[in-house]
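So you can see what is in the structure, the chains are spelled out below.
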Amino acid sequence: MLGRGLKRKLSDYEENMAGLSSAFDSSRSLPYPLKRQLVLNMCLTKLQTYKMLVEPNLHRSVLIANTVRQIQEEMRQESNQQPVNICPGITPSSHSYPGMESSGISLQLPSGISQQESSCCDLRSVEDPIENSLLIVSDDDMSSAISSILKDLDFVEDISPPTCLVPSGDDQPKFPENTGLKLEDDRQDLKGAECVFGSFEISNSTSYLKDLAIDDIFEDIDTSMYDSDFCCPPLMPPRSPSLATEEPLKTFPSCNSSSASNIQICRTDLSELDHIMEILVGS
Amino acid sequence: MAGVARAGGDGGGSSNELQWCFSQVKGAIDEDVAEADIISTVEFNYSGDLLATGDKGGRVVIFQREQESKTRPLSRGEYNVYSTFQSHEPEFDYLKSLEIEEKINKIRWLPQQNAAHFLLSTNDKTIKLWKISERDKRAEGYNLKDEDGRLRDPVRIKELRVPTLKPMDLMVEASPRRIFANAHTYHINSISVNSDYATYLSADDLRINLWHLEITNRSFNIVDIKPANMEELTEVITAAEFHPQQCNVFVYSSSKGTIRLCDMRSSALCDRHSKFFEEPEDPSSRSFFSEIISSISDVKFSHNGRYMMTRDYLSVKVWDLNMENRPVETYQVHEYLRSKLCSLYENDCIFDKFECCWNGLDSTIMTGSYNNFFRMFDRNTRRDTTLEASRESSKSRAILKPRKVCTGGKRKKDEISVDSLDFNKKILHTAWHPTENFIAVAATNNLYLFQDKIN
């Protein structure tokens, strides 16, 4: 559709995507859920591509993440509302359970339950279980994709310490004198930040890959040197390189504490490591 | 389009419609465009005699207008190369193992205060103040050196002489006078010189810093929208500018289509805005891409300081600074793209950042589009024009023919259909001479200069 001037890309997938997006634009008969799924797939693909980059574009990442969140919210609301359509007897209050809704699980209220029982909140799904599990999986993917890319951007990008300006009401503007000038402090802050993120990055697949890359590169080097630089106590005991390939799950927190440059090097080998990871985890 | 009154003219009996004709084009003609030659910013200085361009290769080229020829008093002078220098080099940040691009994101001139010219140029991380000065004399008759530079033996010097200044061929030198570095974690998207001519701001995705032109080792952070938890980030800063007259006022735009006006007198950290400009969304045009296309790519105050203009993906909006709830004028740049948003998202064109500019009288606004088209909107007559920057229409003084995009149905002769538009030929950067009807349009690696037609 996009005329003579636009270069066609080589990969089949991308050619298919171009075809699909033309279909989206030109076809009026494409059902809305399908259009939405198409956009969602495109968003997730882009976010995945950005994760491979050394320095993803923050502006674009935020816009795409917002689009994904918007679609996610729409899908959640739809799945919440569907039981209302099926059984009008259920009161509106029955489908908001703030304590129970966790990210990644789409609540499905069962149909056919009488009004008295509706408040018991039976979480069985009414939809086709396969479709429902697909919904759940994609919701997880979306949340983790957004979280991981934004978190990555944070500890990769930001080395400047928090500003020391006093908020409003202060007549004298304060000097953030240490802004970016003291690299030593920045390095310590960065490692501190990484320690915090390290313990929470359970779903971030790149952390597995960082672990592996360090093993590959530093196989014959004593890594205790890296462990001792940390400003916070390691969450796991330092491991020897030989165990790493067998126990990737246990070792990634300590791996996260290593220097930022290793993480950057790992990013460039992500596609190969992804493949290795799949083999190891047996998925 | 009412422009500047013609010299000695009475307005003539002809129509007031402005016609544009080709003046010059700069840059290589090859089909094969080197990435480094792609122009990334265009800016006239305060008098309009100098025109600066920055490119992806980190170079700055300054063109100077030739003095008007005496034999043809009404002819405008040509712009010729005045100075070329390498402003920024590619850098490698060893701490983060990241390459820092040398691409010049913005150039802003300082008003001229002496014989030299000063401009600020910035890449993603570092802003530099450049001094461009002329040298047309050199000293001769040194005591300690020969004419060819060899040192003379002091013993042999019998008498002292005063060196004299002799004329030489004009040499234009550019030297970096200040380097403002290490203040931006994220990518700088804007710089803006304050009307006090002593300070300027620089904005990146999440923060805005205030600098003094004389001080390079300190900057004030005046806006910080970074959330404590990056996962909560939903909005970034896309552009910022100081008010042209009020030195305490600046605005910044966001990726959500909002503009915040801040007054630096109210507090040191301007996280709380004084005014908040946002147009309520039209629910009938809502789509998956609504937020992406609402992201503002450029914000510019009018010369008189009463209005500001914002550019989002499909439109240009003029805002009255006294009215926050909606713009006073909205112009559709290429509405025919609204039905192609998915394809444009797929190929990333939807993220293109178009700039916009005012003419000197604030009566006309201009912005770029695809297929090397650029658009002008006359705010008084509400008429708009689409013109094309192309080699084909680049004959001296050739009048530019208005172009039209066919949106559906039968395509008339000379119209171009939406599907035939070349989305690789995008005009992102344009500039309008501060006082005359003279414009500079950057089309990839070429700079087109157009002027209004002289009867």
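What you are looking at is a predicted structure, and each value in this text was computed from that prediction instead of being measured. (Residues numbered from 1 in each chain as written. Chains lettered and ligands numbered in written order. Predicted model: local features only at pLDDT ≥ 70, side-chain atom pairs only at ≥ 80, totals over all residues. Heavy atoms only, no water.)

Caption draft 1: Seen up close, the overall build of chain B. Looking only at helices and strands, one finds two helices and 32 strands in chain B. Relative to the 2.2 N^0.38 estimate, which gives 23 Å for 455 residues, the radius of gyration of chain B is 24 Å and therefore close to what a compact globule would have. Seen through its C-alpha atoms, chain B measures out along the principal axes to roughly 90 × 60 × 45 Å. Counting all 455 residues of chain B, 54% fall into the buried class. Taking all contacts inside chain B whose residues are at least 6 apart in sequence as the whole, residues at least 24 apart take part in 54%. On chain B, roughly 20,800 Å² of surface is accessible, and the fraction owed to carbon and sulfur atoms is 48%. On chain B, the mean spot of the 61 positive side-chain charges and the mean spot of the 67 negative ones are 4 Å from each other. (Helix = DSSP H or I, 4+ residues; strand = E, 2+ residues; numbered from the N terminus. Rg over C-alpha atoms; globule rule 2.2 N^0.38 Å. Buried < 20%, exposed > 50% of the residue type's maximum accessible area, 1.4 Å probe, protein only. Contact = heavy atoms within 4.5 Å. Areas by Shrake-Rupley, 256 points an atom, 1.4 Å probe, with all protein chains shown as cover. Lys, Arg positive; Asp, Glu negative; His and termini not counted. Charge placed at Lys NZ, Arg CZ, Asp CG, Glu CD.)

Caption draft 2: Here's a closer look at the confidence of the model for chain A. Residues of chain A with pLDDT of at least 70 account for 30%, and the chain-wide mean is 56. The least confident element of chain A is helix 6 (residues 183-200) of chain A, whose mean pLDDT is 36; the most confident is helix 2 (residues 32-52) of chain A, at 90. (pLDDT = per-residue confidence, 0-100.)

Caption draft 3: Spotlight on helix 2 of chain A. Helix length check: helix 2 of chain A, at 21 residues, gives a terminal C-alpha distance of 31 Å against a target of 30 Å (1.5 Å per residue), a fit within 8%. Buried within helix 2 of chain A are the following residues: Lys35, Arg36, Leu38, Val39, Leu40, Met42, Cys43, Leu44, Lys46, Leu47, Tyr50 and Lys51 of chain A. (Expected span 1.5 Å × (residues − 1).)

Caption draft 4: Layout of the environment of Met309 of chain B. All names here are of chain B. Within the secondary structure layout, Met309 lies in strand 21 (residues 307-311). Assessed through its relative accessible area of 0%, Met309 is described here as buried. Setting aside chain neighbours within four positions, we find Met309 in contact with Asp298, Val299, Lys300, Val316, Lys317, Val318, Cys356, Cys357, Trp358 and Ile365.

Caption draft 5: Molecular detail of unusual backbone geometry. Residues and elements named next belong to chain B. Unlike most non-glycine residues, Ser97 shows phi in positive territory, near 50 degrees. Even without glycine at this site, Tyr197 takes up a positive phi of about 60 degrees. Look at Tyr197 and you get partly exposed, because its relative accessible area is 38%.

Caption draft 6: View of the nonpolar core. Ranked by size, the top nonpolar core spans 49 residues in total, and within it Phe289, Tyr313, Leu337, Tyr345 and Ile350 of chain B carry the most contacts. Those elements that place two or more of their residues in this core are helix 2, helix 3 (58-86) and helix 5 (129-157) of chain A together with helix 1 (290-294) and helix 2 (341-346) of chain B. Once you skip the residues sitting within four places of it in the chain, Leu337 of chain B turns out to touch Tyr313, Leu314, Leu344, Tyr370, Val418 and Phe423 of chain B. Residues Trp20, Met376, Ile439 and Phe450 of chain B belong to the second largest nonpolar core, which totals 17 residues. (Core = buried A, V, L, I, M, F, W, Y, C linked by side-chain atoms within 4.5 Å.)

Caption draft 7: A look at the pairing of strand 14 (residues 207-212) of chain B. All names here are of chain B. Within strand 14, five of the six residues are buried, which leaves the element mostly enclosed by the surrounding structure. Pairing of strand 13 (residues 199-203) with strand 14 involves five bridges; the strand directions are antiparallel. Each residue of the ladder has a partner; that of Tyr200, found in strand 14, is Trp211. Strand direction decides the pairing type here: strand 14 and strand 15 (residues 220-224), joined by four bridges, are antiparallel. Among the inter-strand pairings, Arg207 is bridged to a residue of strand 15, identified as Asp224. (Pairing = 2+ DSSP bridges.)

Caption draft 8: Spotlight on the pattern of salt bridges. Scanning all chains against the criterion turns up 34 salt bridges over all chains. A salt bridge links Asp93 of chain B to Lys96 of chain B, with the shortest nitrogen-to-oxygen separation between them at 3.8 Å. Residue Asp93 of chain B shares its accessibility class with Lys96 of chain B, and that shared class is buried. With a shortest N-O distance of 3.3 Å, Asp136 of chain B and Lys137 of chain B are connected by a salt bridge. For Asp136 of chain B, a relative accessible area of 35% puts it in the partly exposed group. When salt bridges with common partners are traced through the structure, they connect Arg36, Glu74 and Glu78 of chain A into a single cluster. (Salt bridge = Lys/Arg side-chain N within 4 Å of Asp/Glu carboxyl O.)

Caption draft 9: Region of interest: the confidence of the model for chain B. Residues and elements named next belong to chain B. When pLDDT is averaged along chain B, the result is 91; 94% of the residues meet or exceed 70. Across residues 1-15, where pLDDT falls below 50, the model places 22 contacts with residues more than four positions away in sequence or in other chains. The ipTM, which scores confidence in the relative placement of chains, is 0.89 for this predicted complex, and the corresponding pTM is 0.72.

Caption draft 10: The sheet that holds strand 18 (residues 259-263) of chain B, seen in detail. All names here are of chain B. Taken together, the four strands give an open sheet; going across it, the order is 16-17-18-19, and neighbouring strands pair in antiparallel fashion. Lying at the two open borders of the sheet, with one neighbouring strand each, are strand 16 (237-242) and strand 19 (275-277). Direction aside, neighbouring strands of the sheet carry axes that sit 20 degrees apart on average. Bridge count between strand 16 and strand 17 (residues 249-254): five bridges; the pairing is antiparallel. (Axes fitted to C-alpha atoms, helices over the stretch in contact; angles between N-to-C directions.)

Caption draft 11: The arrangement of helix 12 (residues 270-281) of chain A in detail. Residues and elements named next belong to chain A. Over its twelve residues, helix 12 extends 16 Å from the first C-alpha to the last, a length consistent with the 16 Å expected when each residue adds 1.5 Å. Taken together, the buried positions of helix 12 are occupied by Leu270, Leu273 and Met277. For helix 12, the angular spread of the buried residues around the axis is 60 degrees, confining them to a single face. Helix 12 presents Glu272, His275 and Ile279 as exposed residues on the side facing more than 90 degrees away from its buried surface. (Arc of directions from axis to C-beta.)

Caption draft 12: Local environment of the UniProt feature "domain: SERTA" (unreviewed entry) in chain A. The UniProt record marks residues 32-79 of chain A with the feature "domain: SERTA" (unreviewed entry), using the residue numbering of this structure. Secondary structure within residues 32-79 of chain A divides into 90% helix and 0% strand; the distance between the first and last C-alpha atoms comes to 15 Å. (UniProt positions renumbered as here; feature names shortened; annotations may be inferred.)

Caption draft 13: Expanded view of the side chain of Arg36 of chain A. Secondary-structure assignment places Arg36 of chain A in helix 2. When near neighbours in sequence (up to four residues on either side) are disregarded, Arg36 of chain A contacts Ile71, Glu74, Met75 and Glu78 of chain A together with Phe288 of chain B.

Caption draft 14: Focus on the environment of Val223 of chain B. All names here are of chain B. Looking at the element boundaries, Val223 is found in strand 15. For Val223, a relative accessible area of 0% gives the class buried. With 14 residues separating them in the primary sequence, Val223 and Ile237 have C-alpha atoms 9.7 Å apart. With residues up to four places along the chain from it excluded, the contact list for Val223 reads Leu206, Arg207, Ile208, Ile237, Phe250, Tyr252, Leu269, Cys270 and Asp271.

Caption draft 15: Spatial organisation of the packing of aromatic side chains. Enumeration according to the criterion identifies 22 aromatic pairs over all chains in this entry. Relative to Phe250 of chain B, the ring of Phe242 of chain B lies with its centre 6.1 Å away and its plane at 75 degrees, an arrangement referred to as edge-to-face. Residue class for Phe250 of chain B comes out buried when judged on its relative accessible area of 0%. We note Lys46 of chain A situated over the ring of Tyr345 of chain B; from NZ or CZ to the ring centre the distance is 5.0 Å. Of note, Arg65 of chain B hangs over the ring of Phe438 of chain B, and the distance from its end group to the ring centre comes to 5.1 Å. (Phe/Tyr/Trp six-rings, centres within 6.5 Å; stacked < 30°, edge-to-face > 60°. Lys NZ or Arg CZ within 6 Å of the ring centre and 35° of its normal.)

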